[in-house]
Amino acid sequence: MLTATPELRAVAIFDEMQRRHPELSLGARRTLERRIGSWRAVHGPDQEVIFRQVHEPGRMGLSDFANMADLSVMIAGVRLDHRLYHFRLAHSGFEHAHVILGGESYVALAEGLQNALWPLGGAPLEHRSDSLSAAFRNLDKDAREDLARRYDALCAHYGMQPTRNNRGVAHETCPWALVPRDGAIESSHGHLKSAVRDALLMRGGGDFDDLYGYRRFIDEIVSRKNAHNVKRIEAERPALQRLPGHRTADHEETVVTVTSSGGFTLRKAFYTVPSRLISHRLRVRLYDDRLDVFVGGTRLTTLTRGRAAATGQRAHVVDYRHVIHALA
């Protein structure tokens with residue numbers, strides 16, 4: 001059986017032996033496992049070799065996203081479909097997490113990354129991520145090239161060299177945490193999600209009054225994790241590059257026209273604005289969780305970002321103050 005299928009587990013082979021020989025004692029299992037281990041040492045296939053990495057201070061920061069939908073977080077009684085943007089320094093283990101309401105996108109990455117770098121007080125020489133893979137889906141060639149240019153410009157603003165993981169090589173996603181545990185390699189990415197799950201259980205559930213309360217909850221978890229590495233973090237800070245004088249764009253910008261319906265449609269979501277803006281062209285900055293609306297250089301308002309349903313049905317973000325006079 002091992003020659004034909006080397007990846008068979010010892011327990012599966014033992015079950016088959018018991019089926020063929022019911023008189024076989026359960027105590028023979030440990031002996032069988034030892035003998036299979038010896039057989040594999042002599043006749044088994046080559047295994048993947050992981051080269052342990054020694055990370056220099058200030059060299060590498062890494063970004064990724066974690067899908068948190070399975071944790072059943074509720075905001076004011078409504079299930080929150082969200083992700084966490086996760087940044088970590090490879091040498092010291094400094095971490096930052098940011099609640100993302102939409103999918104993996106350049107906007108989410110740019111906002112989360114900059115929110116990590118500024119409290120840290122510096123930038124690493126290299127930024128590694130495959131987090132834009134999902135954002136590239138369903139884009140034409142020009143749109144993909146534009147997205148790649150924006151990501152390169154983001155890294156250049158902070159003096160970081162952009163690198164990406166080799167596709168399909170799982171242990172490169174979080175190379176700072178190649179720690180075997182029970183035969184599996186766990187990443188810091190998984191540790192963060194486990195820490196959130198444990199904290200929710202100790203809290204008694206995932207119900208929060210508002211999004212701000214949940215974000216503060218995540219910040220407290222990450223702060224506790226950073227406190228364990230505070231000496232390493234403080235030692236790495238002098239090796240980081242100085243930050244530029246200002247943040248760079250962490251949003252997308254577009255122009256919309258307000259229709260006679262008293263609003264505009266953007267990314268399959270309809271938004272109302274004051275009716276005096278009908279027929280006006282507005283400049284909109286699109287963030288992960290909000291829209292900032294401008295007329296010329298004047299910011300008019302901030303709107304909560306809406307997202308279409310999974311079925312494709314358009315979302316509606318309606319402020320009754322914008323339409324109540326017409327309804328009356």
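Since this is a predicted model, take the numbers as computed values, not measurements.

J.: What is the right way to read the packing of aromatic side chains from this model?
T.: Geometry of an aromatic ring pair is reported as the spacing of the ring centres plus the angle between the planes. Overall, the coordinates contain five aromatic pairs when judged by the stated rule. Their ring planes at 65° and their centres at 5.7 Å tell us that phenylalanine 65 and tyrosine 85 sit as a pair that is edge-to-face. Taken as a pair, phenylalanine 65 in strand β1 (residues 60-67) and tyrosine 85 in strand β4 (residues 83-89) lie far apart in primary sequence, 20 residues in all. Phenylalanine 65 sits in the buried class, given a relative accessible area of 6%. A connected cluster of aromatic rings, assembled from ring pairs, spans Phe208, Tyr214 and Phe217. The cationic tip of arginine 203 hangs over the ring face of phenylalanine 208; the distance from NZ or CZ to the ring centre is 3.8 Å. When the ring centre of phenylalanine 294 is taken as reference, the NZ or CZ atom of arginine 283 above it lies at 4.6 Å.

J.: What is the right way to look at a nonpolar patch on the surface in this model?
T.: A grouping of Tyr320, Ile324 and Leu327 is seen on the molecular surface, where their side chains present a nonpolar patch of about 360 Å² in accessible area. Take isoleucine 324: it is sitting in helix α8 (residues 320-327).

J.: What should I look at first to understand the sheet that holds strand β5 (residues 95-100) in this one?
T.: As a general point, the strands of a sheet are linked pairwise by backbone hydrogen bonds and lie either parallel or antiparallel. The strand order across the open sheet built from five strands is β5-β4-β1-β6-β7, with neighbouring strands paired in mixed fashion. On the outer flanks of this sheet lie β5 and β7 (161-163), each paired with one strand and no other. Strand after strand, the sheet turns through a mean of 20° between neighbouring axes, direction not considered. Contacts between helix α4 (residues 141-157) and the sheet are confined to β6 (126-129) and β7, with β7 contributing the most and set at about 135° to the helix.

J.: Just checking my understanding: could you explain the nonpolar core for this structure?
T.: Nonpolar side chains tend to gather and get buried jointly when the protein is soluble and globular. In this structure, Tyr85, Phe87, Leu113, Leu117 and Met160 are the most contacted members of the largest nonpolar core, which totals 23 residues. Mapped onto this core, the elements with two or more residues apiece are β4, α3 (106-120) and α4. Per element, the largest residue contribution to this core is eight residues, and it comes from α3. Look past the residues within four positions of leucine 117 in its chain and what remains in contact with it is Phe87, Gly122, Ala123, Pro124, Tyr158, Met160 and Leu243. Counting 19 residues, the second-largest nonpolar core is a separate cluster that includes Ile75, Leu84, Leu192 and Tyr214.

J.: Got a minute to help me understand the confidence of the model for the chain in this structure?
T.: In regions of low pLDDT, the predicted coordinates are not meant to be interpreted in detail. When pLDDT is averaged across the chain, the result is 86; 89% of the residues are at 70 or more. Considering only residues more than four positions removed or in separate chains, one finds that residues 167-186, a stretch of pLDDT under 50, has 39 contacts.

J.: Sorry, what's going on with the pattern of salt bridges here?
T.: Applying the stated criterion to the full structure yields 20 salt bridges. A salt bridge links arginine 267 to glutamate 252; the shortest N-O distance between them is 2.5 Å. You can see arginine 267 sitting in the loop between β12 (263-266) and β13 (269-272) and its partner glutamate 252 sitting in strand β11 (residues 252-257), a full 15 residues away along the chain. A salt bridge links glutamate 253 to arginine 283; the nearest nitrogen and oxygen atoms lie 3.4 Å apart. Linking glutamate 253 in strand β11 with arginine 283 in strand β14 (residues 281-286), this pair joins segments that are 30 residues apart in sequence. The network of salt bridges with shared partners includes Glu111, Arg215, Asp289 and Arg290.

J.: When you look at the pairing of strand β16 (residues 298-304) in this model, what are you seeing that I'm missing?
T.: Working note: regular strand, side chains alternate between the two faces of the sheet. Here strand β15 (residues 290-295) runs beside β16; their pairing, made up of six bridges, is antiparallel. What sits directly across from valine 293, in β16, is threonine 301. Linking β15 back to β16 in an antiparallel pair, the connection comprises two residues, with glycine 296 at a positive phi of about 60°.

J.: Before we go on, may I ask you to explain unusual backbone geometry in this structure?
T.: Trans is the common state for peptide bonds, and a negative phi is the common state for residues other than glycine. For alanine 76, which is not glycine, the phi torsion reads 50° and is therefore positive. Along the chain, alanine 76 turns up in the loop between β2 (74-75) and β3 (78-79). Positive phi outside glycine occurs at lysine 268, with the angle close to 60°. Tracing the chain through its elements places lysine 268 in the loop between β12 and β13. What makes lysine 268 exposed here is its relative accessible area of 53%.

J.: Explain helix α6 (residues 211-228) here, please?
T.: Every α-helix carries 3.6 residues per turn, so stepping three or four residues along brings you back to the same face. With 18 residues, α6 ought to run about 26 Å at 1.5 Å a step, and its terminal C-alpha atoms sit 27 Å apart, in line with that. Residues of α6 that are buried: Gly213, Tyr214, Phe217, Ile218, Ile221, Val222, Lys225 and Asn226.

J.: Explain the pairing of β13 to me, please; I cannot follow it from the model alone.
T.: Burial of the side chains of β13 extends over both faces: Ala269 and Tyr271 are buried on one face and Phe270 and Thr272 on the other. Across four bridges, the pairing between β12 and β13 is antiparallel. If you follow threonine 265 over to β13, its bridge partner there is phenylalanine 270. The turn joining β12 and β13, which pair antiparallel and follow one another in sequence, is formed by two residues; a positive phi near 55° is taken by arginine 267. Relative to strand β17 (residues 315-317), β13 is paired through three bridges, and the arrangement is parallel. What sits directly across from tyrosine 271, in β17, is valine 317.

Reading guide: rules and limits
Residues numbered from 1 in each chain as written. Predicted model: local features only at pLDDT ≥ 70, side-chain atom pairs only at ≥ 80, totals over all residues. Heavy atoms only, no water. Phe/Tyr/Trp six-rings, centres within 6.5 Å; stacked < 30°, edge-to-face > 60°. Helix = DSSP H or I, 4+ residues; strand = E, 2+ residues; numbered from the N terminus. Buried < 20%, exposed > 50% of the residue type's maximum accessible area, 1.4 Å probe, protein only. Lys NZ or Arg CZ within 6 Å of the ring centre and 35° of its normal. Patch = residues over 30% accessible without salt bridge, like charges linked within 9 Å, V, L, I, M, F, W, Y side chains within 5 Å. Areas by Shrake-Rupley, 256 points an atom, 1.4 Å probe, with all protein chains shown as cover. Salt bridge = Lys/Arg side-chain N within 4 Å of Asp/Glu carboxyl O. Pairing = 2+ DSSP bridges. Axes fitted to C-alpha atoms, helices over the stretch in contact; angles between N-to-C directions. Contact = heavy atoms within 4.5 Å. Core = buried A, V, L, I, M, F, W, Y, C linked by side-chain atoms within 4.5 Å. pLDDT = per-residue confidence, 0-100. Expected span 1.5 Å × (residues − 1).

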